[in-house]
Structures are given as C-alpha cells and as structure tokens.
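Working through the structure, step by step
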Amino acid sequence: MPELPEVEVVRRGLESWVTGRTVESAEVLHPRAIRRHPAGPDDFAARLTGRRLLAPRRRGKYLWVPLDDPPSSVIMQSIDEGSRDHGGEALLAHLGMSGQLLVGEPDQPFEKHLRVRITFTDGGLDLRFVDQRTFGHLMVDDLVADVFARTARTPVGTARTPAGRARTAADTARTIAAEHVGAECAGAERSVPEAIAHIAPDPLEDAFDEEVFFQALRRRHTGIKRALLDQSLISGVGNIYADEALWRSRLHWARPTETLTRAEVARVLTAAREVMGAALEVGGTSFDSLYVNVNGESGYFDRSLNAYGRQDEPCGRCGTPIRRDVFMNRSSYSCPTCQPRPRRPRL
DNA sequence: CGTCCTACCTGGAGGC
DNA sequence: TGCCTCCAGGTAGGAC
C-alpha cells in the first residue's frame with residue numbers, strides 16, 4: 001500500500017536508474033493502466049517515444065517524470081491541433097493499491113500483472129509498470145503552474161537541526177524535502193501535471209503551509225482522519241500513516257476538525273512527518289510483496305508500526321489493547337486510552 | 001459548494 | 001479439495 005514514503009523510495013530509484021535516458025518504446029499491455037490518458041495507448045506511446053527522461057518529481061503519492069522538449073515536428077503537429085500549450089510534459093504515475101515500477105533486464109520474462117513496459121535506446125534496463133489490482137495508472141500530461149507554490153518561501157535553511165537537541169526523523173524528512181524540492185526548483189518555474197493540480201502539497205514539501213491547513217480544518221465539518229485522507233487538503237497520507245500519526249499525537253480519528261487547536265494540528269503534522277520520515281529511512285512499509293522499490297525489494301517499517309494492524313495487541317505507551325473500528329469501509333486502529341473518543345464524534 | 005458514499009479491481013485468507 | 005465470502009483501500013464521480 002504505497003503512501004508517501006514508499007512513493008519517495010520509488011522516486012529515488014527512478015532518479016538513479018532512468019534519469020537522462022531516452023525512450024525507445026512504450027508498450028501498453030493493459031489499457032486500464034492508462035485509462036486517465038484520454039487519447040489512448042497509441043498516443044501514450046507516441047508521446048514517450050524518443051523523449052529523454054528528466055529528474056523525477058513527487059507530490060504526495062503522485063510521481064512524475066518530466067520529459068525533455070519533443071522534436072519540433074511533434075510541436076508543430078500539436079499547434080495545428082490547437083489543444084496543448086508547451087509548458088512541457090511529464091510521465092505521471094500513481095501506484096494505487098498495488099502498483100510497482102520496476103527496472104530489470106529487458107530479456108526477463110513478463111510479470112503476470114505487467115501493464116506497461118518502457119524500453120530505452122541504450123538497450124539497458126527497461127522500466128515496467130506492474131499492478132495486480134489495477135488501481136494505479138500512468139499518463140502523459142501537460143505541466144502547468146503550481147497554484148500552491150508559495151511566493152515568499154521559507155528558506156531551505158530551516159531544514160537544519162536546531163543546536164542542542166538530537167536530530168529527529170522529522171528533521172531528516174525536512175532535509176530530504178528541502179533537497180529534492182528546493183534544489184531542483186531553484187530559478188525554475190514550479191509546475192505540476194495538470195491532472196493533479198488539485199492535489200495539495202504534502203507535509204514534507206516546502207509548499208505545504210501549516211496555517212492554510214489549520215484554517216481549512218477549522219472550516220470543515222468532518223473528522224480528523226477523513227481530513228488527513230483528503231488529498232485536496234494534505235497529500236501523501238493514507239490509511240496506515242494516518243493511524244500512526246493520530247496514535248503518536250494522541251488524537252481520536254473521529255475528532256471534529258472544527259474543534260482542533262493550532263497546537264493539536266501542529267502535533268499531528270509533526271507526528272506525520274516523523275513517522276513518514278522514519279519509514280523512509282528504512283525503505284518504506286510492506287505487509288506483503290505488493291509494495292517494493294524499483295529493484296523489487298520490500299521495506300521494513302511494518303515492524304515499527306504502533307497502531308496500524310495491531311488489533312488486540314498492547315499499546316506501546318499504556319498497554320491497553322489496540323482497538324479496530326470500521327469506518328469509511330476500512331479499518332482504523334487506535335488506543336482507547338491514549339486516544340479517547342470525543343464527546344461529539346464526527347464519523 | 002460541502003459532505004459522504006460507492007464502484008472500480010484481484011488474490012490471499014479463512015469458513016465449511 | 002473446492003467453493004464461497006470477506007478483506008485490503010486511493011480516487012473519481014455522483015448523490016443529496
């Protein structure tokens with residue numbers, strides 16, 4: 001179940017394995033995998049063929065690989081069609097529930113759930129999109145200006161660990177975010193794929209504005225977990241890390257957002273950054289073999305989860321058995337003692 | 001518009 | 001052994 005840390009692990013793998021390489025071919029083996037690419041498989045392949053892949057970017061659970069400028073003949077054709085601007089294009093990916101981006105030897109047999117295969121002109125390792133449950137997808141999309149980009153950004157220097165205290169996982173996460181967002185965007189216009197223009201920044205991004213998030217929560221009439229899972233408010237957080245962040249910040253999933261204080265919002269955000277940063281350090285979370293990095297390896301973070309999947313096991317703080325509630329058609333794990341149910345819960 | 005619900009998928013686990 | 005049901009859950013789109 002790839003959430004932000006798992007997607008970041010994949011982004012890094014792509015960065016080292018495919019950046020700078022030129023696409024030889026793109027083969028769509030299952031049309032559902034590109035269902036959000038409206039022009040269909042042939043157009044998808046045509047837009048990738050011959051293009052060089054630039055450094056991969058990520059927002060929340062979305063990953064994209066900007067493409068260098070297409071040949072001028074393609075530009076002229078698009079201008080004739082009158083439909084596209086030329087702020088650039090990117091290969092956009094969402095892994096859904098079970099998507100994997102794998103690099104491997106081109107002569108390896110096709111995986112059972114191989115959906116898209118991309119080969120390169122250098123004849124080296126190919127890139128495969130494998131997805132059992134087909135909730136993931138790929139598309140080639142136009143890049144547009146990021147409406148969430150902050151005009152007066154926090155200096156990257158804030159990623160430094162304050163003197164006199166131990167370096168925490170949250171510090172690591174902020175440093176990582178500053179490095180990969182800050183460095184790459186210096187001097188360049190910030191852009192995101194059009195299809196995800198509505199996806200809010202994730203809490204490890206510089207573009208994430210804590211006050212904006214707090215004010216949005218105060219205006220909402222819903223529970224905190226619903227809000228954490230709402231990618232238009234905050235991205236990258238899924239069911240696992242939502243439960244972990246709430247456990248760490250001692251907040252119940254049904255706590256009404258309009259009653260949250262600034263301090264509580266700061267607490268849950270810090271918790272989210274810490275837990276996702278710690279997961280990143282060990283290569284992400286995996287429960288089965290469905291989530292893997294580009295080399296097919298699983299992470300180890302499931303050994304460090306405090307709430308998720310731990311029904312009836314003792315809470316690591318107080319020993320009370322962890323409780324499982326069904327809500328939004330999925331499981332929520334919490335400690336009945338550390339995370340008391342609010343008097344007026346919002347389900 | 002805000003809020004909430006459901007369809008979309010496959011395969012592993014567990015009941016009988 | 002086989003057949004059935006449940007479960008995992010991110011997102012778009014629709015209902016209200």
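All figures in this text were calculated on a predicted structure; none of them were measured in a lab.

Moving on, we come to the overall build of chain A. Looking only at helices and strands, chain A has eight helices and eleven strands in total. Going through the 347 residues of chain A one by one, you find that 53% of them count as buried. Long-range pairs, those at least 24 residues apart, make up 69% of the contacts in chain A between residues at least 6 apart in sequence. Taken as a whole, chain A presents about 15,400 Å² of accessible surface, with 51% of it coming from carbon and sulfur.

Averaged over all residues, the pLDDT of chain A is 85; the fraction at 70 or higher stands at 79%. A low-confidence stretch, residues 152–165 (pLDDT under 50), is modelled with 14 contacts involving residues beyond four sequence positions or located in other chains. Across residues 178–188 the pLDDT falls below 50, and counting only partners more than four positions away or on other chains, this stretch makes 17 contacts in the model.

Glancing now at helix H2 (residues 40–48). Those residues of H2 not exposed but buried are Gly40, Asp43, Phe44, Ala45, Arg47 and Leu48. Trailing H2 by a residue or two, Gly50 shows a phi angle of about 85°, which is positive.

Here the focus is the protein's contact with DNA strand C. Residues in close proximity to DNA strand C total 15 residues, the closest being His94, Met97, Phe135, Tyr308 and Ser331. For DNA strand C, the backbone portion of the atoms within 4 Å of the protein, that is sugar and phosphate, comes to 68%. One of the backbone nitrogen or oxygen atoms of Asn239 is found 3.5 Å away from a phosphate oxygen of DNA strand C.

Turning next to the pattern of salt bridges. The full count for this structure, using the stated rule, is 27 salt bridges. The salt bridge involving Glu274 is made with Arg248; its shortest N-O contact spans 3.7 Å. In this pair, Glu274 is assigned in helix H8 (residues 262–281) and Arg248 in helix H7 (residues 239–248), connecting sequence segments 26 residues apart. Given the relative accessible area of 29%, Arg248 is considered partly exposed. One salt-bridge network, held together by shared partners, links Glu8, Arg11, Arg12, Glu15, Arg58 and Asp202.

The next point concerns the protein's contact with DNA strand B. In the vicinity of DNA strand B, the contacting residues are Arg32, Lys112, His113, Gln132, Arg133, Thr134, Phe135, Arg220, His221, Thr222 and Arg226. Sugar and phosphate atoms form 72% of the subset of DNA strand B atoms that lie within 4 Å of the protein. Within the backbone of His221, a nitrogen or oxygen atom sits 2.5 Å from a phosphate oxygen of DNA strand B. Here a phosphate oxygen of DNA strand B sits 3.0 Å away from a polar atom, N or O, in the side chain of Thr222. Residue composition of the surface near DNA strand B, grouped by class: one nonpolar, five polar and five charged.

Tracing the chain through its elements places Ala149 in the loop between strand E8 (137–145) and helix H4 (169–185). Under the relative-accessibility criterion, Ala149 is labelled partly exposed at 27%. Between the alpha carbons of Ala149 and Ser334 there is a distance of 35 Å; along the sequence they are 185 residues apart.

This next bit is on the side chain of Arg59. Tracing the backbone through its elements, the reader meets Arg59 in strand E2 (residues 57–59). A relative accessible area of 2% places Arg59 in the buried class. Excluding residues within four positions of it along the chain, Arg59 makes contact with Trp64, Asp146, Phe148, Val192, Ile199, Ala200, Pro201, Asp202, Glu205, Ala207 and Ser235.

A word on helix H1 (residues 4–18). An ideal rise of 1.5 Å per residue puts 21 Å on 15 residues; H1 measures up with 20 Å between its terminal C-alpha atoms. For H1, the buried fraction is high: eleven of the 15 residues fall into the buried class. Leu4, Pro5, Glu6, Val7, Glu8, Val9, Val10, Arg11, Gly13, Leu14 and Val18 are the residues of H1 that are buried. Positive phi shows up at Gly20, right after H1, with a value of about 85°.

Spatially, five strands are ordered E2-E3-E4-E8-E9 in an open sheet, and the strand pairing comes out antiparallel. Since the sheet does not close on itself, it has two edges, and those belong to E2 and strand E9 (191–193), each with one partner. Across the sheet, the mean angle from the axis of one strand to that of its neighbour is 35°, orientation sign disregarded. Pairing between E2 and strand E3 (residues 62–67): three bridges, direction antiparallel. If you follow Arg57 over to E3, its bridge partner there is Trp64. Relative to E8, H2 is tilted by about 60°, and along the sheet it contacts E3, strand E4 (89–94) and E8.

Conventions adopted
- Residues numbered from 1 in each chain as written.
- Chains lettered and ligands numbered in written order.
- Predicted model: local features only at pLDDT ≥ 70, side-chain atom pairs only at ≥ 80, totals over all residues.
- Heavy atoms only, no water.
- Helix = DSSP H or I, 4+ residues; strand = E, 2+ residues; numbered from the N terminus.
- Buried < 20%, exposed > 50% of the residue type's maximum accessible area, 1.4 Å probe, protein only.
- Contact = heavy atoms within 4.5 Å.
- Areas by Shrake-Rupley, 256 points an atom, 1.4 Å probe, with all protein chains shown as cover.
- pLDDT = per-residue confidence, 0-100.
- Near = heavy atom within 4 Å.
- Polar contact = N/O pair within 3.5 Å; in protein donor to acceptor, adjacent residues only side chain to side chain.
- Salt bridge = Lys/Arg side-chain N within 4 Å of Asp/Glu carboxyl O.
- Nonpolar A, V, L, I, M, F, W, Y, C, P; charged D, E, K, R; others polar.
- Expected span 1.5 Å × (residues − 1).
- Pairing = 2+ DSSP bridges.
- Axes fitted to C-alpha atoms, helices over the stretch in contact; angles between N-to-C directions.

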